[in-house]
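Each chain is listed here by its residues.
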Amino acid sequence: MKISKLSIRNKIILSTIILFISMIAVSQNVTIKGKVTDDIGEIMIGVTVTVENQESQGTITDVDGNYTLNNVPPNASLKFSYVGMKTQTVPVNNRTRIDVVLLSDTELLDEVVVVGYGTQKKATLTGAVSSVKGKDLQMTPAINMTNRLTGKIPGLSTVQTSSVPGEDDPTIRIRGVNTTGNNSPLIVVDGIANRNLSRLDPVDIESITVLKDASAAIYGAQAANGVILITTKRGEAGNAKVTFTLNQGWSRPTSLPEMADAYTYMSMINEENHYSGMSPTYSDEVLSIYKENKDRDP
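Residues numbered from 1 in each chain as written. Predicted model: local features only at pLDDT ≥ 70, side-chain atom pairs only at ≥ 80, totals over all residues. Heavy atoms only, no water.

1. What to know about the overall build of the chain
Next, step 1: For the chain, the count of helices and strands is six helices and 16 strands.
Next, step 2: In the chain, buried positions account for 27% of the 298 residues.
Next, step 3: Expressed as a percentage of contacts within the chain between residues at least 6 apart in sequence, the contacts between residues at least 24 apart total 52%.
Next, step 4: Of the roughly 20700 Å² of accessible surface on the chain, 54% is carried by carbon and sulfur atoms. (Helix = DSSP H or I, 4+ residues; strand = E, 2+ residues; numbered from the N terminus. Buried < 20%, exposed > 50% of the residue type's maximum accessible area, 1.4 Å probe, protein only. Contact = heavy atoms within 4.5 Å. Areas by Shrake-Rupley, 256 points an atom, 1.4 Å probe, with all protein chains shown as cover.)

So this is what it looks like as structure tokens:
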């Protein structure tokens, strides 16, 4: 089969056009530089700067608060994020320099966290403490309360080894295995120690706080593997509130094996015994009863 010179020429022209268009599209992208400071004019080191909806394309600010981000589409938006500061999204609008002032997230710093000896604001909290609100736990449709904590608290892991009803409690570990004996954390519900977490209703939970390492020392030797503090909701003055939540699911086996009836099964056992040089397990009389569906009761 011969390939015409015209066909080859057309392919070369088409490839050249595609390459030219690609070069034009890339050349339209811009390099953006800028500086990030806080609301009092202090430089911000380590601020994450990414292209919105393209988290893999990003950088962080240097020791002078400066950043450089290459190959940014002119119609994109940049997202600036830092722990304890409000995340800001700024449109590029064909600019090549964008300076940003990040504001403190006062709501986050004013949030009250339950600790072993009372409550404390996050702004003044220095220990290894993590917390999660009850409303966040309600978003995970798991029957067992412990499974709702999976992925919600840093340093806490759960492993479920059984799905048997009543025996499906996962194993809880806080920062791994810390002792040679029982490695389960101490669970405290409304100040009462050694409670069960699995069967609590997430609707009744106000917050859950996990104390790690030295933060749990107030509970003594029982806290060697960490402490999980659970605070339930309290009544409030005002009108009654009614909430309704429904979670429904269906399960079925992926496949069901085709089973033999009783007579076929016993015949196969006898046949296997015959080839193995053994006497039959079931007599002809027993086989006849099952084959003809006779009443097996005397």
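2. Notes on the nonpolar core
Next, step 1: I32, Y67, V72, L78, F80 and L102 are the most contacted members of the largest nonpolar core, which has 19 residues in total.
Next, step 2: Every element with two or more residues in this core is listed here: β1 (30–38), β2 (48–51), β4 (66–72), β5 (77–81) and β7 (100–102).
Next, step 3: Dropping the residues within four chain positions of it, I32 is found in contact with Y67, T68, L69, V72, L78, V92, R95, T96, R97 and I98.
Next, step 4: In this structure, M145, I172, I205 and I230 belong to the second largest nonpolar core, which totals 16 residues. (Core = buried A, V, L, I, M, F, W, Y, C linked by side-chain atoms within 4.5 Å.)

3. Some thoughts on the packing of helix α5 (residues 262–275) against helix α6 (residues 284–291)
Next, step 1: Running from N to C, α5 and α6 point in directions that differ by 155°, and their axes come no closer than 8 Å. The angle between α5 and α6 falls in the class roughly antiparallel. Of the two elements, α5 crosses α6, and the hand of that crossing is left-handed. In this structure, α5 uses A262, Y263, M266, S267 and N270 to contact α6, whose residues at the interface are V286, L287, Y290 and K291.
Next, step 2: Of the residues in the contact of α5 with α6, the class split is six nonpolar, two polar and one charged. (Axes fitted to C-alpha atoms, helices over the stretch in contact; angles between N-to-C directions. Parallel < 35°, antiparallel > 145°, perpendicular 65-115°, else oblique. Left-handed = near helix turned anticlockwise from the far one by under 90°. Nonpolar A, V, L, I, M, F, W, Y, C, P; charged D, E, K, R; others polar.)

4. Focus: a nonpolar patch on the surface
Next, step 1: On the surface, I43, I45 and V63 cluster together to form a nonpolar patch covering roughly 260 Å² of accessible area.
Next, step 2: With respect to the helices and strands, I43 occurs in the loop between β1 and β2. (Patch = residues over 30% accessible without salt bridge, like charges linked within 9 Å, V, L, I, M, F, W, Y side chains within 5 Å. Salt bridge = Lys/Arg side-chain N within 4 Å of Asp/Glu carboxyl O.)

5. Let's talk about the pattern of salt bridges
Next, step 1: Under the definition given, this model contains two salt bridges.
Next, step 2: The closest approach of N and O atoms between R97 and D99, which form a salt bridge, is 3.4 Å.
Next, step 3: Looking at R97, the relative accessible area reads 47%, which means it is partly exposed.
Next, step 4: Where D190 meets R234, a salt bridge forms, and the shortest distance between an N and an O atom there is 3.5 Å. Linking D190 in the loop between β13 (186–189) and β14 (192–193) with R234 in the loop between β16 (227–232) and α5, this pair joins segments that are 44 residues apart in sequence.
Next, step 5: With a relative accessible area of 35%, D190 lands in the partly exposed category.

6. Topic: the pairing of β5
Next, step 1: Of the pairings in the sheet, the one linking β2 to β5 comprises four bridges and is antiparallel in character. Each bridged residue has a counterpart across the sheet, and for V49 the counterpart in β5 is F80.
Next, step 2: Strand direction decides the pairing type here: β5 and strand β6 (residues 88–91), joined by four bridges, are antiparallel. Opposite F80, over in β6, you have Q88 as the bridge partner.
Next, step 3: Between β5 and the antiparallel strand that follows it, β6, lie six residues; G84 among them carries a positive phi value of about 85°. (Pairing = 2+ DSSP bridges.)

7. Brief notes about the side chain of D38
Next, step 1: Following the sequence through the fold, D38 ends up in strand β1.
Next, step 2: Buried charge without a salt bridge: D38, with K35 as the nearest opposite-charge side chain at an N-O distance of 11 Å.
Next, step 3: Among the polar contacts listed, one links the side chain of D38 to the backbone nitrogen of E42, at a separation of 2.7 Å.
Next, step 4: Once you skip the residues sitting within four places of it in the chain, D38 turns out to touch M44, M85, V101 and L102. (Lys, Arg positive; Asp, Glu negative; His and termini not counted. Polar contact = N/O pair within 3.5 Å; in protein donor to acceptor, adjacent residues only side chain to side chain.)

8. With respect to the packing of aromatic side chains
Next, step 1: Applying the stated criterion across every chain, the model contains one aromatic pair.
Next, step 2: Relative to F80, the ring of Y67 lies with its centre 5.6 Å away and its plane at 75°, an arrangement referred to as edge-to-face. With a gap of 13 residues between them, Y67 in strand β4 and F80 in strand β5 connect regions that are remote in the sequence.
Next, step 3: Of the residues examined, F80 reaches a relative accessible area of 0% and is grouped as buried. (Phe/Tyr/Trp six-rings, centres within 6.5 Å; stacked < 30°, edge-to-face > 60°.)

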